[in-house]
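Tertiary structure, described
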Amino acid sequence: MIIQPRVRGFICLTSHPEGTAQHIKNQIEYVKSKGKIANGPKKVLVIGASTGFGLASRISAAFGSDAATIGVFFEKPAAPGKPGTAGWYNSAAFENEAHAAGLYAKSINGDAFSDEVKAKTIELIKQDLGQVDLVVYSLASPRRTHPKTGVAHASVLKPIGQPFTDKTVDFHSGVVSDISINPVESDEDIANTVAVMGGEDWKFWIEELKAAGVLADGVKTVAYSYIGPELTYPIYRNGTIGRAKDDLEGTVPVINDILKDVNGISYVSVNKALVTQSSSAIPVVPLYISLLYKVMKEKGIHEGTIEQIQRLFAERLYTADGQVALDEKGRIRVDDLEMREDIQAEVAKLWEQATTENLEEISDIAGYRNDFFNLFGFNFPEVNYEADTNEVVNVPSIE
Ligand code: NAI
Ligand code: NA
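Residues numbered from 1 in each chain as written. Chains lettered and ligands numbered in written order. Predicted model: local features only at pLDDT ≥ 70, side-chain atom pairs only at ≥ 80, totals over all residues. Heavy atoms only, no water.

Now for the sheet that holds strand β6 (residues 132–137). Spatial strand order, β5-β4-β3-β6-β11-β12-β13: seven strands in an open sheet with parallel pairing. Edge positions in the open sheet fall to β5 (105–109) and β13 (332–333), since each of these has one partner strand only. Of the strand pairs in this sheet, strand β11 (residues 215–225) and strand β12 (residues 265–270) are connected by six bridges, and their pairing is parallel. Considered in β12, the bridge of Ala223 is made with Val268. The strands touched by helix α4 (residues 115–129) are β3 (43–47), β4 (68–73), β5 and β6; relative to β5, the strand with the most contacts, the crossing angle is about 165 degrees. Here helix α10 (residues 305–317) sits on the sheet and contacts β6, β11, β12 and β13; the angle it forms with β11, its principal contact strand, is near 130 degrees. (Pairing = 2+ DSSP bridges. Helix = DSSP H or I, 4+ residues; strand = E, 2+ residues; numbered from the N terminus. Contact = heavy atoms within 4.5 Å. Axes fitted to C-alpha atoms, helices over the stretch in contact; angles between N-to-C directions.)

Pasting the structure below:
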């Protein structure tokens, strides 16, 4: 079929298999261009491996460190006449490239929050790898069915305490407008968001992997967090999602305790704001990102997901002397360039000025849009989008 983008709000309903394959190729080329990661991981489990930071983690481990990877994700396969999700095509392309390079790569498609998928993953590790030495936890989801209580939790993106009004952009039309978001009405919204995006499921994973004996001596595990600028505090770090991130970060000592007798260690890495399927759903954030991209590109320090994660692996998690640099709260920071004072001062200035009329000029909204379409395999010059393409693509080693 001929596959073109079909956009509804911050979602693109279609994905292009050849375009996503090109996206994967580009990311692999980048990782290879940086050379091998010294003392890198060898057997890696990535939970949330099909898009965004998790996908970049899988690519960095495989092509930066020759690692065998098991990827867990929740995606929809293609059917005749109906394209699969971007994460499905990404995983198919990733596995094809990994297998061609002689690397082990298998995938599990299902609900990572469930006991069943955890058990299935453990079985696969036992069968094929024995143990893993790195577990990347990179889930982003609007809901979670709790495996012990059966309660279906839905997360919300709301401020806490007072309403929040600021600028936002519709990144397709480029219209800048004010948005007001009412605060949570009850603590239940906070508790639900923490249940979905906090640290409990990460802890469950590590507990179960540990109990099954599939964590190697000296295992590392990392989950991803975000802080960002003061202007997004009310909706992000001081809002419901921020409470979930506090909870995630607070889980590090709990997991370290679980990992003590396998000499393992857990980290939270605070990453840069980037265009992913998850971040495009957060009000205000796309405008911030498009201004941030402009400033960081001008200064020559812009990074995408693959650049961020390759640097996380090579310069934080796996250093030559084994030292992992942490901030005063014990977190890894690869948002260091985003948070630089000169960058933030410049973004704050542009934020004040931003209007529908000047947006194209003062921001990198064009770069934002391009990254958004790239997520779904569109806008790659190598691909002919007018041509018929086979929409039914299999992930070769799916369980
Ligand atoms: P994403 O939406 O690109 O990736 C989410 C992944 O989770 C996908 O692989 C998806 O298949 C998987 N997933 C979702 N629900 C699942 C389920 N029930 N079972 C199995 N897999 C499931 O998101 P992104 O942006 O890469 O986020 C990953 C982490 O990075 C999140 O913790 C996010 O808060 C964090 N982060 C994101 C930043 C950003 O700007 N995008 C910045 C800093 C941190
Ligand atoms: Na991810």
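Okay, α4 next. For α4, built from 15 residues, the straight-helix expectation of 21 Å at 1.5 Å per residue is met to within 8% by its first-to-last C-alpha distance of 20 Å. Of all the positions in α4, only Val117, Lys118, Thr121, Ile122, Leu124, Ile125 and Leu129 are classed as buried. The buried residues of α4 occupy an angular sector of 165 degrees when the element is viewed end-on, so they sit on one face. Residues of α4 that are exposed and angled more than 90 degrees away from the buried face: Glu116 and Gln127. Looking at the buried side of α4, the elements it contacts are β3, β4, β5, β6 and α6 (200–211). Following α4 by one or two positions, Gly130 has its phi on the positive side, about 80 degrees. (Expected span 1.5 Å × (residues − 1). Buried < 20%, exposed > 50% of the residue type's maximum accessible area, 1.4 Å probe, protein only. Arc of directions from axis to C-beta.)

Non-glycine residue Asn263 carries a positive phi angle of around 55 degrees. We note that Val284 has phi near 75 degrees; this positive angle belongs to a residue other than glycine. Since its relative accessible area comes to 0%, Val284 is described here as buried.

To continue, consider the site of ligand 1. Lining the immediate surroundings of ligand 1 are 29 residues, of which Ser50, Ala112, Lys245, Thr276 and Ser278 lie closest. Here an oxygen atom of ligand 1 sits 3.4 Å away from a polar atom, N or O, in the main chain of Gly52. With respect to ligand 1, the side chain of Asp111 contributes an N or O atom lying 3.0 Å from a nitrogen atom. Contact with the protein chains covers 92% of the free accessible surface of ligand 1, which is 840 Å². (Near = heavy atom within 4 Å. Polar contact = N/O pair within 3.5 Å; in protein donor to acceptor, adjacent residues only side chain to side chain. Areas by Shrake-Rupley, 256 points an atom, 1.4 Å probe, with all protein chains shown as cover.)

This part takes up the environment of Ser173. Note that Ser173 resides in the loop between β9 (164–170) and β10 (175–181). Separated by 183 residues in the primary sequence, Ser173 and Thr356 have C-alpha atoms spaced 9.1 Å apart. One polar contact links the side chain of Ser173 to the main-chain amide nitrogen of Val175, over a distance of 3.3 Å.

A word on the pairing of β3. Counting buried positions along β3 gives four out of five residues, so the element sits mostly inside the fold. Inspection of the sheet shows β3 paired to β4 by five bridges, in the parallel sense. Note that in β4 the partner of Leu45 across the bridge is Ile70. Each parallel crossover has a hand, and for β3 linked through helix α2 (residues 52–65) to β4 it is right-handed. (Right-handed = clockwise from strand over helix to strand, strands pointing away.)

This brings us to the packing of α6 against helix α8 (residues 252–259). Interhelical geometry of α6 versus α8 gives an angle of 0 degrees and a closest axis separation of 10 Å. When the interaxial angle is binned, α6 and α8 end up roughly parallel. The segment α6 lies against α8, with Trp202, Lys203, Ile206, Glu207 and Lys210 engaging Val252, Val254, Ile255, Ile258 and Leu259. Grouping the constituent residues of the contact of α6 with α8 by class yields seven nonpolar, no polar and three charged. (Parallel < 35°, antiparallel > 145°, perpendicular 65-115°, else oblique. Nonpolar A, V, L, I, M, F, W, Y, C, P; charged D, E, K, R; others polar.)

Taken as a whole, the second largest pocket encloses approximately 470 Å³ of empty space. Taken together, 25 residues make up the lining of the second largest pocket; nearest its centre are His23, Gln27, Gly304, Thr305 and Asp371. Mapped by element, the contributors of at least two residues to the lining of the second largest pocket are α1 (17–33), α2, α10 and α13 (365–375). Residues that form the lining of the second largest pocket fall into these classes: nine nonpolar, 13 polar and three charged. (1 Å grid on protein atoms, 1.4 Å probe; cavity = no way out; pocket = protein on both sides within 12 Å on 5 of 7 lines; lining within 4 Å. Points joined across faces, edges and corners; volume = space filled by probe spheres on them.)

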